[in-house]
Amino acid sequence: MFTFRGDAHKVYLQLKKETDPAKHHDLKETASIKAFYESIDSETLRLIHYRMIKEQNGLGIIPIYVTSIPWLLFLFSNKIEEVLFTNGNILWLIFVIIYLVLLTAFAFFHFKEKAWAAFHIEMIKDVLASREDRAQTKPER
């Protein structure tokens, strides 16, 4: 069934169907990523965290690039208009289709990468926070 509810709801529906949700492939992948981060020392994990934040913030170049293309084309609009609309060509249709496909692909890529960066950042923060909690609750000798 087609739905606009997104990946989170799709995962929920898949987990609801499972007899043992812990064996779901997405949860296994998440557990393996968490186990990897738990195996790394705290200082290195902080460095990875900083790098992940850099990656997440650096993804903003994709929307800037995609939205700047129309402005670039506007600079050459007279020449482009001659090429695309002269002699009843359907080049304009091909151009629009290619542009929309690329725009959709770049937007999809951007938000998927941003979501993965947020996923890793939150996991690293949780691992570091649990280590700090354990360190604070250790009884002194």
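A short tour of the structure in this document, coming up. (Residues numbered from 1 in each chain as written. Predicted model: local features only at pLDDT ≥ 70, side-chain atom pairs only at ≥ 80, totals over all residues. Heavy atoms only, no water.)

**As for the packing of aromatic side chains**
Turning to step 1, where the next piece is worked out: Under the counting rule described, the total for this entry stands at two aromatic pairs.
Turning to step 2, where the next piece is worked out: Between Phe 36 and Tyr 37 the ring centres are 5.6 Å apart and the planes differ by 50 degrees, which places this aromatic pair in the tilted class.
Turning to step 3, where the next piece is worked out: Tyr 37 sits in the buried class, given a relative accessible area of 4%.
Turning to step 4, where the next piece is worked out: Judged by centre distance (5.1 Å) and plane angle (80 degrees), the ring pair of Trp 116 and Phe 119 falls under edge-to-face. With a gap of three residues between them, Trp 116 and Phe 119 both fall in helix H6 (residues 91-137), about one helical turn apart.
Turning to step 5, where the next piece is worked out: According to the relative accessible area criterion, Trp 116 is partly exposed, its value standing at 34%. (Phe/Tyr/Trp six-rings, centres within 6.5 Å; stacked < 30°, edge-to-face > 60°. Buried < 20%, exposed > 50% of the residue type's maximum accessible area, 1.4 Å probe, protein only. Helix = DSSP H or I, 4+ residues; strand = E, 2+ residues; numbered from the N terminus.)

**Notes on the nonpolar core**
Turning to step 1, where the next piece is worked out: Ranked by size, the top nonpolar core spans 10 residues in total: Ile 33, Tyr 37, Ile 40, Leu 45, Met 52, Ile 121, Met 123, Ile 124, Val 127 and Leu 128.
Turning to step 2, where the next piece is worked out: Those elements that place two or more of their residues in this core are helix H2 (25-38), helix H3 (42-58) and H6.
Turning to step 3, where the next piece is worked out: When residues in this core are grouped by element, the largest group, five residues, is from H6.
Turning to step 4, where the next piece is worked out: When neighbours within four sequence positions are excluded, Ile 40 is seen to be in contact with Leu 45, Ile 48 and Arg 131. (Core = buried A, V, L, I, M, F, W, Y, C linked by side-chain atoms within 4.5 Å. Contact = heavy atoms within 4.5 Å.)

**A short note on the environment of Lys 54**
Turning to step 1, where the next piece is worked out: Assignment of secondary structure puts Lys 54 in helix H3.
Turning to step 2, where the next piece is worked out: The class of Lys 54 is partly exposed, set by a relative accessible area of 47%.
Turning to step 3, where the next piece is worked out: Each C-alpha atom of the pair Lys 54 and Trp 116 lies 13 Å from the other, and the pair is 62 residues apart in sequence.

**Things to note about the side chain of His 24**
Turning to step 1, where the next piece is worked out: The topology assignment puts His 24 in the loop between helix H1 (7-17) and H2.
Turning to step 2, where the next piece is worked out: Side-chain polar atoms of His 24 contact the side chain of Gln 14, separated by 2.9 Å.
Turning to step 3, where the next piece is worked out: Not counting the four nearest positions on each side in its chain, His 24 is found in contact with Gln 14, Leu 15 and Glu 18. (Polar contact = N/O pair within 3.5 Å; in protein donor to acceptor, adjacent residues only side chain to side chain.)

**Describing the packing of H3 against H6**
Helix-helix packing is characterised by the crossing angle of the two axes and by the distance between the axes.
Turning to step 1, where the next piece is worked out: Contact geometry of H3 with H6 gives a least axis separation of 9 Å together with a crossing angle of 155 degrees. The angle between H3 and H6 places the two elements in the roughly antiparallel class. Where H3 crosses over H6, the two elements pack in a sense that is left-handed. Residues Ser 42, Leu 45, Arg 46, Ile 48, His 49, Met 52, Ile 53 and Gln 56 of H3 form the contact with H6, whose participating residues are Lys 114, Ala 117, Ala 118, His 120, Ile 121, Ile 124, Lys 125, Val 127, Leu 128, Arg 131 and Glu 132. (Axes fitted to C-alpha atoms, helices over the stretch in contact; angles between N-to-C directions. Parallel < 35°, antiparallel > 145°, perpendicular 65-115°, else oblique. Left-handed = near helix turned anticlockwise from the far one by under 90°.)

**Observations concerning the packing of helix H5 (residues 77-85) against H6**
Turning to step 1, where the next piece is worked out: Put simply, H5 and H6 touch, their axes get as near as 7 Å, and they point 115 degrees apart. Packed against H5, whose contacting residues are Val 83, Leu 84 and Phe 85, the element H6 presents Leu 91, Trp 92 and Phe 95 at the interface.
Turning to step 2, where the next piece is worked out: Here the contact of H5 with H6 is composed, by residue class, of six nonpolar, no polar and no charged. (Nonpolar A, V, L, I, M, F, W, Y, C, P; charged D, E, K, R; others polar.)

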